[in-house]
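Residue-level listing of the chains:
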Amino acid sequence: MTEARRAVAIARILDREWASSAAPIKLLPRRDPFTVLVGAVLSTRTQDAVTAAAVRRLMASAPSSARLSRMGLTRLRRLIYPVGFYRTKARQLHLLARQVAHLRYVPNTLEGLLELPGVGRKVANVVLAEAFGKPAVAVDTHVHRISNRLGLVQTTRSEQTEAVLIRLIPKRLRGRWNRLIVSLGQTYCRPVRPRCRECPVGSLCLKVGVDLREYQSCQSSARTTR
Ligand code: SF4
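Predicted model, so just to flag it, every value in this text is computed and none were measured.

Definitions and cut-offs
- Residues numbered from 1 in each chain as written.
- Predicted model: local features only at pLDDT ≥ 70, side-chain atom pairs only at ≥ 80, totals over all residues.
- Heavy atoms only, no water.
- Helix = DSSP H or I, 4+ residues; strand = E, 2+ residues; numbered from the N terminus.
- Contact = heavy atoms within 4.5 Å.
- 1 Å grid on protein atoms, 1.4 Å probe; cavity = no way out; pocket = protein on both sides within 12 Å on 5 of 7 lines; lining within 4 Å.
- Points joined across faces, edges and corners; volume = space filled by probe spheres on them.
- Nonpolar A, V, L, I, M, F, W, Y, C, P; charged D, E, K, R; others polar.
- Phe/Tyr/Trp six-rings, centres within 6.5 Å; stacked < 30°, edge-to-face > 60°.
- Buried < 20%, exposed > 50% of the residue type's maximum accessible area, 1.4 Å probe, protein only.
- Lys NZ or Arg CZ within 6 Å of the ring centre and 35° of its normal.
- Near = heavy atom within 4 Å.
- Core = buried A, V, L, I, M, F, W, Y, C linked by side-chain atoms within 4.5 Å.
- Polar contact = N/O pair within 3.5 Å; in protein donor to acceptor, adjacent residues only side chain to side chain.

Lay out the environment of Leu79 with the relevant residues and their values.
Note that Leu79 resides in helix 5 (residues 73-80). The spatial distance from the C-alpha of Leu79 to the C-alpha of Met59 is 9.7 Å, given a sequence separation of 20 residues. Sequence-distant contacts of Leu79, defined by excluding residues within four places in its chain, comprise Ala54, Arg57, Leu58, Ser61 and Met71.

Next comes the structure, spelled out in structure tokens:
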């Protein structure tokens, strides 16, 4: 099977799993561009459940970029605490809200999003995929690590991973790749001791870099206890 076919098969399986998945990424906002942008900025180095709760508190107090731009920094910090780097992110959100309020819209192009203060490629691609339904592949630590483990890419940097995935994944599936792979990472493909034995895409995965002795000993102990 080619890598492109394997990527499609993996996406199809994970798509079916998504409805019943308990992965915390399902709590993050989708659709409204400004809310998605805020969630994507807050999510860096923060658990998704913590991010989702912070977004809810923030949007309840300031449901638009104009309202958020007028909020004092102390209150903003208090509302987003305990997200990682909440002081820096509060300043960043303030600048971001001012710029979006000035524009009166969230840009729907990569170039436009990258011009916003503090917005990098990953955040921009999350907004394009989740808020605008565009075929963008957002590569975060989960997507980079797991795409390598699956053997779909052999890369060291996230930009390389994004470029290869764009070649492999058909347009119609690209926008969902981030959420599907992050969900896999939160439930089965953990950084340490991935649950390969129970993984729904185990038969399609090359398990690159996974300690196969540990994986095999799990399999044989499972066989003897059955
Ligand atoms: S089989 Fe193992 S390494 Fe591969 S995706 Fe599943 S959990 Fe990760």
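Further notes follow.
Tell me about empty space enclosed by the protein, and name the residues and values.
Evaluated as defined, the whole model comprises 1 cavity of 30 Å³ or more. In this structure, the largest cavity encloses a volume near 100 Å³. Around the largest cavity sit 15 residues that line it, and Cys189, Pro194, Cys196, Cys199 and Cys205 are the ones nearest its centre. Here the lining of the largest cavity is built from residues that sort into 11 nonpolar, 1 polar and 3 charged.

Please provide a residue-by-residue account of the layout of surface pockets, values included.
Of the pockets and cavities examined, the largest pocket occupies roughly 780 Å³. Lining the largest pocket are 36 residues, with Ala40, Ser43, Thr44, Lys122 and Asp140 positioned closest to its centre. Put simply, the parts of the chain that give the lining of the largest pocket at least two residues each are helix 2 (33-43), helix 6 (86-103), helix 8 (121-130), helix 9 (141-149), helix 10 (158-168) and helix 11 (171-187). For the lining of the largest pocket, the element with the highest residue contribution is helix 8, accounting for 6 residues. Within the lining of the largest pocket, the residues separate by chemical class into 11 nonpolar, 14 polar and 11 charged.

An account of the packing of aromatic side chains is needed here, citing residue identities and associated values.
Under the counting rule described, the total for this entry stands at 1 aromatic pair. Summarising the aromatic geometry, the rings of Tyr81 and Tyr86 are spaced 4.9 Å apart at their centres and angled 85° between planes, so their arrangement reads as edge-to-face. Its relative accessible area of 21% is what places Tyr86 among the partly exposed residues. Here the guanidinium or amino end of Arg179 rests over the ring plane of Trp18, the centre of that ring lying 5.5 Å away.

I'd like a rundown of the site of the ligand, residues and numbers included.
Contacts to the ligand come from Arg149, Leu150, Leu184, Tyr188, Cys189, Pro194, Cys196, Cys199, Gly202, Cys205, Lys207 and Val210. Grouping the constituent residues of the shell around the ligand by class yields 9 nonpolar, 1 polar and 2 charged.

Would you mind going over helix 2 in detail, with residue names and values included?
An α-helix turns once every 3.6 residues. As a result, residues three or four positions apart point the same way. In terms of burial, helix 2 is a largely internal element, 10 of the 11 residues being buried. For helix 2, every residue scored as buried is listed here: Phe34, Thr35, Val36, Leu37, Val38, Gly39, Ala40, Val41, Leu42 and Ser43. Those residues of helix 2 hidden inside the fold are in contact with helix 3 (48-61), helix 4 (65-70), helix 5, helix 6 and helix 8. One or two positions beyond helix 2, positive phi appears at Arg45, with a value near 55°.

Please give an account of the nonpolar core that cites residues and values.
Within the largest apolar cluster, 36 residues are counted, with the highest numbers of intra-cluster contacts made by Leu37 and Leu58. At the level of elements, helix 2, helix 3, helix 5, helix 6, helix 7 (110-114) and helix 8 are the ones that each hand at least two residues to this core. The residues contacting Leu37, other than those within four sequence positions of it, are Leu96, Val100, Val106, Leu116, Val119, Val123 and Val127. If you look at the next biggest cluster of nonpolar residues, it comprises 34 residues, including Leu14, Leu150, Leu165 and Cys189.

Please give an account of helix 9 that cites residues and values.
Burial analysis of helix 9 places 7 of its 9 residues in the buried class, which makes it a mostly covered element. All buried positions along helix 9 are accounted for by His142, Val143, His144, Ile146, Ser147, Asn148 and Arg149. Contacts from the buried residues of helix 9 go to helix 10 and helix 11. For helix 9, the side-chain oxygen to backbone nitrogen distance between the N-cap and His142 is 3.2 Å, and the N-cap itself is Asp140. Backbone geometry just downstream of helix 9 places Gly151 in the positive-phi region, at approximately 80°.

Got a sec to walk through unusual backbone geometry? Specific residues and values, please.
Omega for the peptide link from Tyr81 to Pro82 comes to 10°, which places this bond in the cis form. Within the secondary structure, Pro82 is located in the loop between helix 5 and helix 6. If you check the backbone angles, Arg31 has positive phi at about 80° while not being a glycine. Within the element layout of this structure, Arg31 appears in the loop between helix 1 (3-18) and helix 2.

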